[in-house]
Amino acid sequence: MTHDPGPAFRALHVPGDPFILANAWDIGSAKMLAALGAPAIATSSAAHAFTLGRPDMGHVTRDEALSHASDLVSALSVPVSGDFENGFGEAPETCAETVRLACEVGLAGISIEDTALPADTPYPADIAVERIRAAASACRALPRDFILVARADGVMNGQYDLAEAIRRIQAYEAAGADCVYIPMPPNFNDLATICAATALPVNALAAGPFANHDRTAFAKAGVARISIGSALARVTHRAIFDAASQMYEDGIFTSLTHSISGTKVDKLLIK
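Since this is a predicted model, take the numbers as computed values, not measurements.

Rules and cut-offs
Numbering of residues starts from 1 in every chain and runs along the sequence as written. Given that the model is predicted, a residue must reach a pLDDT of at least 70 before its local features are reported, and side-chain atom pairs must reach 80 or more before they are shown or counted; all residues, however, enter totals for whole chains, interfaces and linings. Excluded from the side-chain calculation are hydrogens and water; included are all heavy atoms of the structure. Fitted lines through C-alpha atoms serve as axes, helices being fitted only where they are in contact, and the angles separating the N-to-C directions of these axes extend from 0 to 180 degrees. Helix and strand definitions here come from DSSP, where helices need a minimum of 4 consecutive H or I residues and strands a minimum of 2 consecutive E residues; each element is numbered from the N-terminal end. Under this scheme an angle from 65 to 115 degrees is roughly perpendicular, one under 35 degrees roughly parallel, and one over 145 degrees roughly antiparallel; angles in between are oblique. Whether two residues touch is decided by their heavy atoms; if any such pair falls within 4.5 Å, the residues are in contact. In this classification, Asp, Glu, Lys and Arg are treated as charged, Ala, Val, Leu, Ile, Met, Phe, Trp, Tyr, Cys and Pro as nonpolar, and every other residue, Gly included, as polar. Crossing handedness is defined as follows: a turn of the near helix away from the far one that is anticlockwise and smaller than a right angle gives a left-handed crossing, while the clockwise case is right-handed. Centres within 6.5 Å are what make two rings of Phe, Tyr or Trp a pair, Trp counting through its six-membered ring; a difference in plane orientation under 30 degrees is then read as stacked, over 60 as edge-to-face, and the rest as tilted. Each residue is placed in one exposure class: buried if its accessible area under a 1.4 Å probe, protein chains only, is under 20% of its type's maximum, exposed if it is over 50%, and partly exposed if it falls in between.

Description of the packing of helix α2 (residues 27-35) against helix α11 (residues 262-269)
Consideration 1: Closest axis-to-axis distance for the α2/α11 pair is 8 Å, and the angle between their directions is 80°. Between α2 and α11, the interaxial angle falls into the category roughly perpendicular. Along the contact surface, α2 presents Gly28, Lys31, Met32 and Ala35, while α11 presents Val265, Leu268 and Leu269.
Consideration 2: Split into classes, the residues belonging to the contact of α2 with α11 amount to 5 nonpolar, 1 polar and 1 charged.

Structure below.
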């Protein structure tokens, strides 16, 4: 591709002045979010899996993720980042190949986590670091800028503590990552500890109890990027669940009145 979304995407990552990286699940949601002001869009492995009728955690193939990402890239003028789970394989060489393929479809970057999917157990720390080292090396060999986010998911998955997660992101920094991410640390105040532990931009997840904090609070902690994961997709699934439960259990349709007009959606999609 001739356009390089990397520099614009990299410039958004400012510690203490976080941008909101909206995670979309199809072209329509991505275009709406961009029209509403999203400076960049990310895929969500869980939200994408839901659209395929599958659960999260390793049930989407690399080819499917690349095709999905390519669709969003083609539909948008803002940078797109890929939530690429564990890089779609254990071997460092597989992670490196995933980086190269992601660049080819026009992504501005990807994230790679340290979970041995479809299990929720983490890779041993030395293997996790080698995977990021290989991915980072592949990034540096690309013909354009590309942002690699290294994730330490063991806290969220209940597999290791915050101290181990911090050791891992520090090792990922040394291995060449561009940004680090510990989803859902034990409490919000831990975000400041995480940001102080690395010189790299830190991604934080606005989901669950963390969604009760505003952008200013994330900024004060030193966060550079706020993603929403599958949270927005699950809001839409909650709407489906509530409306359908009301219809099929009680024969009532009033939930359908809490909607947005088709005309307003149309205007957002053609911006």
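After that view of the structure, there is still more to cover.
So, the packing of helix α6 (residues 125-140) against helix α7 (residues 162-175)
Consideration 1: Running from N to C, α6 and α7 point in directions that differ by 30°, and their axes come no closer than 9 Å. In terms of their interaxial angle, α6 and α7 are classed as roughly parallel. Once α6 is placed against α7, the crossing between them reads as right-handed. Mapping the contact onto sequence places Ala125, Ala128, Val129, Ile132, Arg133 and Ala136 in α6 and Glu164, Arg168, Ala171, Tyr172, Ala174 and Ala175 in α7.
Consideration 2: Partitioning the contact of α6 with α7 into residue classes produces 9 nonpolar, no polar and 3 charged.

Digging into the packing of aromatic side chains
Consideration 1: All chains considered together, the criterion is met by 4 aromatic pairs.
Consideration 2: Pairing phenylalanine 9 with phenylalanine 19 gives two aromatic rings, centres 6.1 Å apart and planes at 80°, and the pair type is edge-to-face. Of this pair, phenylalanine 9 sits in helix α1 (residues 6-11) while phenylalanine 19 sits in strand β1 (residues 19-24), and the two are 10 residues apart along the sequence.
Consideration 3: Taken together, a centroid distance of 5.5 Å and an interplanar angle of 65° make the contact between phenylalanine 84 and phenylalanine 88 edge-to-face. For the pair phenylalanine 84 and phenylalanine 88, a shared accessibility class is recorded, and that class is buried.
Consideration 4: An aromatic cluster is present here, built from Phe188, Phe210 and Phe218 joined pairwise through their rings.

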